[in-house]
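# Summary of the model geometry
For reference, the chains in residue letters:
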Amino acid sequence: MTIGVLALQGAVAEHIRMIEKAGGTGVAVKRTEQLAEIDGIIIPGGESTTIGKLMRTYQFIDALREFSRQGKPLFGTCAGLIVLAKHIAGQEEAHLGLMDIQVARNAFGRQRESFETDLDIKGIDHDVRAVFIRAPLIEQVGEGVEVLAMYRDQIVAARQGHLLAASFHPELTDDERMHAYFLDMVRETKQEGSPC
Ligand code: GLN
């Protein structure tokens with residue numbers, strides 16, 4: 001299984017390392033033509049306004065909406081979660097606007113700009129160490145969105161069918177289980193798509 005990492009800005013090499021650790025093949029995606037060669041894509045952390053602008057410049061908005069329409073999985077981490085969301089608090093416009101969630105940017109306040117904690121994530125045995133950096137949180141979820149993890153009453157991971165989102169950076173620890181979870185999602189959709 002080949003997983004792309006959108007390589008316009010942000011933590012790309014770290015995600016590729018984790019995809020490989022979880023048993024997949026990771027590629028940096030810089031051009032829309034590459035989307036035809038991958039089975040799923042990760043939109044990494046970074047700065048969502050910058051990533052959104054670069055996505056518009058390089059025609060990734062429509063191309064990734066089409067990728068999603070084909071049922072191919074997308075995983076947004078931190079800024080990538082903001083890029084996936086249908087609603088961004090205080091902003092008129094979304095970026096991809098695919099996932100039925102409302103997110104708040106930089107939601108943990110100044111003192112907690114960056115911190116680590118252990119999270120209980122639905123579908124993963126035993127806690128996962130999570131690194132939060134100027135992280136967004138999910139304020140509201142629509143029907144069909146499953147909450148996967150909470151941190152102090154706040155939603156920090158969720159899934160809607162083939163869309164996965166996490167407020168934290170799963171690529172910044174040595175624990176590849178969040179990437180393995182995404183690879184399982186990709187495997188499921190490939191099986192559904194193939195003739196029996
Ligand atoms: N605060 C950033 C934003 O709003 C996201 C931070 C991150 O990806 N680590 O885009």
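Residues numbered from 1 in each chain as written. Predicted model: local features only at pLDDT ≥ 70, side-chain atom pairs only at ≥ 80, totals over all residues. Heavy atoms only, no water.

- The name recorded for the protein chain in an unreviewed UniProt entry is Pyridoxal 5'-phosphate synthase subunit PdxT, from Paenibacillus elgii.
- Quoted verbatim from the Sequence similarities (unreviewed entry) heading of the UniProt record, the comment on the protein chain is "Belongs to the glutaminase PdxT/SNO family."
- What the UniProt record of the protein chain gives under Function (unreviewed entry) is the line "Catalyzes the hydrolysis of glutamine to glutamate and ammonia as part of the biosynthesis of pyridoxal 5'-phosphate. The resulting ammonia molecule is channeled to the active site of PdxS." (UniProt positions renumbered as here; feature names shortened; annotations may be inferred.)

## A few points about the side chain of Ser68
- Take Ser68: it is sitting in helix α3 (residues 60–69).
- Apart from residues no more than four positions distant in its own chain, Ser68 is found in contact with Leu74, Leu98, His162 and Leu163. (Helix = DSSP H or I, 4+ residues; strand = E, 2+ residues; numbered from the N terminus. Contact = heavy atoms within 4.5 Å.)

## Here's the deal with the site of the ligand
- Surrounding the ligand, one finds Gly45, Gly46, Glu47, Ser48, Cys78, Ala79, Ile82, Arg105, Asn106, Ile133, Arg134 and His169.
- At a separation of 2.6 Å, an oxygen atom of the ligand approaches a polar backbone atom of Ser48.
- For the ligand, a nitrogen atom lies 2.5 Å from a polar atom in the side chain of Asn106.
- If the ligand stood free it would expose 300 Å²; the protein chains cover 94% of that surface.
- Taking a 2 Å distance to the grid points as the criterion, the majority of the atoms of the ligand fall inside the largest pocket.
- Grouping the amino acids of the shell around the ligand by side-chain chemistry returns four nonpolar, five polar and three charged. (Near = heavy atom within 4 Å. Polar contact = N/O pair within 3.5 Å; in protein donor to acceptor, adjacent residues only side chain to side chain. Areas by Shrake-Rupley, 256 points an atom, 1.4 Å probe, with all protein chains shown as cover. 1 Å grid on protein atoms, 1.4 Å probe; cavity = no way out; pocket = protein on both sides within 12 Å on 5 of 7 lines; lining within 4 Å. Sits in = over half its atoms within 2 Å of the grid points. Nonpolar A, V, L, I, M, F, W, Y, C, P; charged D, E, K, R; others polar.)

## Observations regarding the UniProt feature "active site" (unreviewed entry) in the protein chain
- Under the UniProt annotation, "active site" (unreviewed entry) lies at Cys78, His169 and Glu171. Spanning 94 residues, the annotated positions come together in the fold, the maximum distance between their C-alpha atoms being 10.9 Å. As for the lining of the largest pocket, the annotated residues named previously contribute Cys78 and His169.
- Examined against the element boundaries, Cys78 turns out to sit in the loop between β4 (74–77) and α4 (79–84).
- On the basis of relative accessible area, Cys78 is assigned to the buried category, the value being 4%.
- In contact with Cys78, not counting residues within four places along its chain, are Gly45, Ile133, Arg134, Ala135, Pro136, Ala166, Ser167, Phe168 and His169. (Buried < 20%, exposed > 50% of the residue type's maximum accessible area, 1.4 Å probe, protein only.)

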